[in-house]
Amino acid sequence: MIRGVDLQLASCHGCDLVIRMRGIGRDASAVCPRCDAPVRFRKRNARSHVLALGVAAAALYFPANALTIMYTEQFPERRADTILSGVKFLWDRGSWALAAIVFTASILVPVLKLGALGFLVISTTRHWAWRPRARTRLYRVLEVIGHWSMLDVFVVALLAAVVQLGQFARVSPGPAVLPFAGVVILTMLASASFDARAIWDQGWDRGPGRGAYE
Amino acid sequence: MSEPVDPRLEDLPVPVTRRRKRGWPSAVWIVPVLAVVAAGTLAIRAYLEAGPTIEITFDSAEGLEVGQSDVRYKNVPVGKISSIELVPDQPQILVTVKLQRGAASLAAKDSRFWVERPRIGVGGVSGVSTLLSGAYIGVDRGTSNERVDRFVGLEKPPGVTHDQVGRRFRITADDAGSLGVQSPVYLRRQQVGLISELALTPDGKRVDIEVFISSPYDRDVTDTAVFWNASGLDVSIDASGLHLDTQSLATVVAGGIAFGFRDGDPPGHPAADGAEFNLFEDRGHAMARPDRTRLPLAMRFHEPLRGVGPGTPIDFEGLRIGQIDTLNLGYDAIRHEFFSDVDATVYPERLGAAYAALVDEGKRRDRTGPQMLQALVARGLRAQLRSASLITGQLFIALRWFPNARSPAPVVERDGAWVVPTEPGGTDQIQDQVESIVAKIDKIPFDAIGSDTRDAMHAATSLLGHLDREVVPTAQQLVGQAGAAMTALRDSLGALRDNVAAPDSAIQQTARSTLEQLEFAARSLRGLADYLQHHPESILRGRASGSEPR
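Residues numbered from 1 in each chain as written. Chains lettered and ligands numbered in written order. Predicted model: local features only at pLDDT ≥ 70, side-chain atom pairs only at ≥ 80, totals over all residues.

## With respect to the overall build of chain B
Here comes step 1: Across its full length, chain B carries 10 helices and 28 strands.
Here comes step 2: Here chain B, with 550 residues, has 20% of them falling under the buried criterion.
Here comes step 3: For chain B, long-range pairs separated by at least 24 residues make up 64% of all intrachain contacts whose partners lie at least 6 apart in sequence. (Helix = DSSP H or I, 4+ residues; strand = E, 2+ residues; numbered from the N terminus. Buried ≥ 20, exposed ≤ 12 C-beta atoms within 10 Å, placed from the backbone. Contact = placed C-beta atoms within 7 Å.)

## Some details on the packing of helix α5 (residues 151-162) of chain A against helix α6 (residues 177-193) of chain A
Residues and elements named next belong to chain A.
Here comes step 1: Two elements in contact, α5 and α6, have axes separated by 9 Å at closest approach and are oriented at 145°. Between α5 and α6 the crossing geometry is left-handed. In contact with D152, V153 and V156 of α5, α6 contributes V177, F180, A181 and V184.
Here comes step 2: When its residues are assigned to classes, the contact of α5 with α6 shows 6 nonpolar, no polar and 1 charged. (Axes fitted to C-alpha atoms, helices over the stretch in contact; angles between N-to-C directions. Left-handed = near helix turned anticlockwise from the far one by under 90°. Nonpolar A, V, L, I, M, F, W, Y, C, P; charged D, E, K, R; others polar.)

## Digging into the sheet that holds strand β3 (residues 70-73) of chain B
Residues and elements named next belong to chain B.
Here comes step 1: Spatially, the 7 strands line up as an open sheet ordered β6-β9-β3-β4-β5-β2-β10, and their pairing is mixed. Edge positions in the sheet fall to β6 (112-116) and β10 (150-152), since each has one partner strand and no second. For this sheet the average axis-to-axis angle between neighbouring strands, irrespective of direction, equals 30°.
Here comes step 2: Relative to strand β5 (residues 93-100), strand β2 (residues 50-58) runs antiparallel, the two being bridged by 7 bridges. Pairing of A50 across the sheet is with Q100, part of β5. (Pairing = 2+ DSSP bridges.)

## Notes on the nonpolar core
Note that soluble globular proteins tend to have their nonpolar side chains buried in a common cluster.
Here comes step 1: Core analysis: the largest hydrophobic core is formed by 42 residues, its most contacted members being L53, A56, A57 and L60 of chain A.
Here comes step 2: Counting residues per element, the ones that place at least two in this core are α1 (46-66), α2 (83-92), α3 (96-125), α5 and α6 of chain A together with α1 (30-49) of chain B.
Here comes step 3: The dominant element in this core, judged by the number of residues it contributes, is α1 of chain A, at 13 residues.
Here comes step 4: The residues contacting L60 of chain A, other than those within four sequence positions of it, are P179, G182, V183 and L186 of chain A together with A35, A38 and A39 of chain B.
Here comes step 5: Counting 28 residues, the second largest nonpolar core, distinct from the first, contains F169, A173, A176 and V211 of chain B. (Core = buried A, V, L, I, M, F, W, Y, C linked by C-beta atoms within 7 Å.)

## A few points about the packing of α3 of chain A against helix α4 (residues 132-145) of chain A
Residue and element names in this part refer to chain A.
Here comes step 1: Orientation of α3 relative to α4, taken along the N-to-C sense of each, is 145°, at an axis distance of 11 Å. Where α3 crosses over α4, the handedness of that crossing is left-handed. Seen from α3, the contacting residues are V109, K113, A116, L117, L120 and S123; seen from α4, they are R135, L138, Y139, L142 and I145.

## Concerning the confidence of the model for chain B
Here comes step 1: Mean pLDDT over chain B stands at 81; residues scoring 70 or higher make up 89%.
Here comes step 2: Scored as a complex, the prediction yields pTM 0.49 and ipTM 0.78. (pLDDT = per-residue confidence, 0-100.)

## Remarks on the interface of chain B and chain A
Here comes step 1: Each side of the interface is counted separately: chain B has 27 residues, and chain A has 37 residues.
Here comes step 2: Secondary structure elements with two or more residues in the side of chain B that touches chain A: β1 (16-19), α1 and α2 (130-133) of chain B.
Here comes step 3: In terms of residue count, the dominant contributor to the side of chain B that touches chain A is α1 of chain B (8 residues).
Here comes step 4: Each residue belonging to the side of chain B that touches chain A can be placed in one class, and the counts come to 19 nonpolar, 5 polar and 3 charged.

## A short note on the environment of L244 of chain B
Residues and elements named next belong to chain B.
Here comes step 1: With respect to the helices and strands, L244 occurs in strand β17 (residues 241-245).
Here comes step 2: A tally of 8 C-beta atoms within 10 Å means that L244 is categorised as exposed.
Here comes step 3: For L244 and L233, which are 11 residues apart along the polypeptide, the C-alpha to C-alpha distance reads 6.6 Å.
Here comes step 4: Not counting residues up to four positions away in its chain, the partners in contact with L244 are L233 and V235.

## Some details on the confidence of the model for chain A
Here comes step 1: Residues at a pLDDT of 70 or more form 92% of chain A, whose mean pLDDT is 82.
Here comes step 2: Counting interchain partners and residues more than four positions distant, the pLDDT-below-50 stretch residues 206-214 of chain A has 12 contacts.

## A closer look at the sheet that holds strand β24 (residues 381-387) of chain B
All names here are of chain B.
Here comes step 1: Strand order in this open sheet of 9 strands is β26-β27-β20-β23-β22-β21-β25-β24-β28, and the pairing throughout is mixed. Two strands in the sheet have a free side with no partner beyond their single neighbour: β26 (413-414) and β28 (422-423).
Here comes step 2: Pairing of β24 with strand β25 (residues 395-401), which is carried by 7 bridges, proceeds in the antiparallel orientation. The residue bridging R386 from the neighbouring strand is F396, located in β25.

## Quick word on unusual backbone geometry
Residues and elements named next belong to chain B.
Here comes step 1: In the segment running from S215 into P216, the intervening peptide bond is cis, with an omega of 5°.
Here comes step 2: Mapped onto the secondary structure, P216 falls in the loop between β14 (207-214) and β15 (225-229).
Here comes step 3: Despite not being glycine, D89 shows a phi value in the positive range, around 65°.
Here comes step 4: Along the chain, D89 turns up in the loop between β4 (76-86) and β5.
Here comes step 5: Judged by local crowding, D89 falls into the exposed class, with 6 C-beta atoms found within 10 Å.
Here comes step 6: Positioned with a positive phi, R189 is a non-glycine residue whose angle comes to about 65°.

Printed below as a string of C-alpha cells:
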C-alpha cells in the first residue's frame, strides 16, 4: 500500500487541498498556498502533545476526586459530596442505575480514556503492527464518548443554578468542579491531538525521515 | 523517490515555504506543568488545612452523624466527625474528629468535649438550637500546652468553661441535699457563681463540692466567708411570727449555695484559689459563732430514753450548750439491768462571759479543764433527763445543780470523753410539777372565801325583808288607782266612737257634703283647663261665642 507521504503528498488540515510537498528546505516549514494553514504530513508533535495533555489530565484527576464537587443543603441536612461519595449516596438510596451512570461517566471513563490514549501513544511510538483496525476503532470510540464525561459538571452547574430555595435547599459547586472540568477538557484535547494515521505508519519506518512527517 | 510517479502529480500545487521558527521545544508542556502545580497547590492546601485528628469516647452517640455533625467551639464549627465506632469490649462509642488546622489548640490535654443536645432542667433550658441543627460536639478549650489525641467526653456540658475568669473553691458538706452541678451560688441573693463539680469523697462520708465564683465576685470570697445550703425554703416560727427564707425561686426547686459573712467578723482577705470551706446546713447555722472548743461528754442513764436521740439538746441554765451525738443501750451483767450510754458534745464557749470567767479561774488556780469540771461535779453538777413539754413529750438533757446529789461520783474519762454523773429525772420532774400545782391549790384561802360569802348572804336577806315591809303596800294602792283610771279611759273612748265613727253622726254628714262639693269644683276646673289648652287666646280675648267649654 502506498501512502501520500511516499508520494510527497500532503493534505491541508485547513482546506483539505492536496499539496505536493516539494522544495522545502531544512529550516523551512510549509504553508498551504490556498488557505495559509501550516501543512504537514502528520500532526506536529502529536505524541508529545497527547502525552503532555494526558499527564495534565491525570494530575488534575486526583483533586477532582478527592475534593468536594457539590454542597447540598436540604434542611436540616447539609452534605458535602465528592464524586465517589455521591455515587455511594445514590447507590445506598437504591438508585443503582443512576449510580452506575455517574460512576462510569465521571470516574471510569476518564481513567479508561487516559489508559487508551497511553496505549495508542505507546503502540505508535513503538510501531506495533498489532490490529491497527481495532486500535483505530478504539480511537473513534474515545472521540465519541469523551464528550459525555462533562455530565457531572453540567449536573452541578444546572443544580446550582436551579436549586436555590434560600434556607431550605441550596446546591453550590465545590472546589472539585474546576479540576474535574479540566480533566474532561484535557482528555478531549489529548485525544484530538492524537493522529490516528500514525497507527498505520508502522512498517514504513524506512520511508521518509522523521522530518518528512512534520 | 525512485518509484515511478504519475506525471499528473507534478501539477499539484506546491506549498509556500516559510522559515521554520526554532525555539522552545513545545508550548504544550506548559499545560501539564500548570496542571501539576494546580493539583499540587490543592493538595498542599488540603494538607495545611487539615488539623489534628482526635478521638473522643462517649456513652452515647445520640444525634451524632458521620460527616454531618461538627465540633463547635463557642458555636463556631472547628471540625467534623469522620467516624463513629464502638469501642471494643466497652459499652462506649468512639468518635473520631478531624479538627481544622486553626483549631489544633483545642486538642489540649485539659480540653473537654461533650455532646450538645437539647436539655431541659429546673435551672433552665439549653441547647434549643440543636433541635433544628442536630446535635454537635461542644468543646471547651483547655489551658494546657500539652497536646493529646484521646479524650473522654462529658455527658453534660461543663458548668464552667476554661475561659471564664474567676476562682474555684472547695466546699465540703455532710449532705448535698438537692444541690447539683450548675446549681447557683448566691451572694446577697445575686448569683455570682455556680457549682462546677460535685462528688462524694473517696470514703463516701462527705460531699466534695467545687464552686466557681466568677470575677469580680471571687474577691468577695474572703477567708471569713461562710457558705450555707440555700436550697428549698427555710420556714421558722418564733415569737415574732412565721419566717420564710429563700434565696430565689430557682433555689426552691434546683437548690443552691449562698455565702455571706458573720456580723462582727473582720472583712478578711480574699481567699486563695482552691481554698476550702465548710457548708452549713442553713443560714442560721452558718451565722452562728463557730464552736472552737469541743468538750466530749459521756453520760449513763438508768432510765428509758424514749424521745432522746442524736441532736437532742443539752441545756445548762437555760442555754443550749451542746447536743447528743450517739446513744447506745448497754447491759450491766452484775446488776442485771439495762442502761443507756449517751455521748454528747458540749461547746463551752456558748457560755460566753461565764466560760471566760471559768477559764480565768482555772488559770488562776492552775487547774485543767477536766479538773474544773471535776470541781463543778463535786459541787453537785449532774445531768438529768427532763421534759421540755409535757404535751409534745420533747426531752432534753439538763446540766443542773443537785447540792445533795446522791452519787458524788468522780469524773472519769471514757473513750476520750468526760463522764458526767446523772440524776434520775423524768418522773421526778412530773412529780415536781404536780407538787407545784398542789401547792398553788393549797394557797387558795378557802376559809376567807367562805366567810365572805356568808356575809353577802346576810345582806341580801335584810334587803329582801325591807322590800317586803315597805314597798308592797304602796304597790297595792297604786294598782287600785290604776284600775279606776282605766275605766274612765274606756268610757271616753266609747263616747268618741259614737260621735265620730257612726255613719249617721253629724261629722260624717258634713264631711260627705264637703267632699261632694270639692269633687264638683274639681270637675269644673278640669273643663276650664281643657278649654284653655285648646283656646289659649281666650285668656286675652274672652270666650268666643258659640263655643262651650267642654
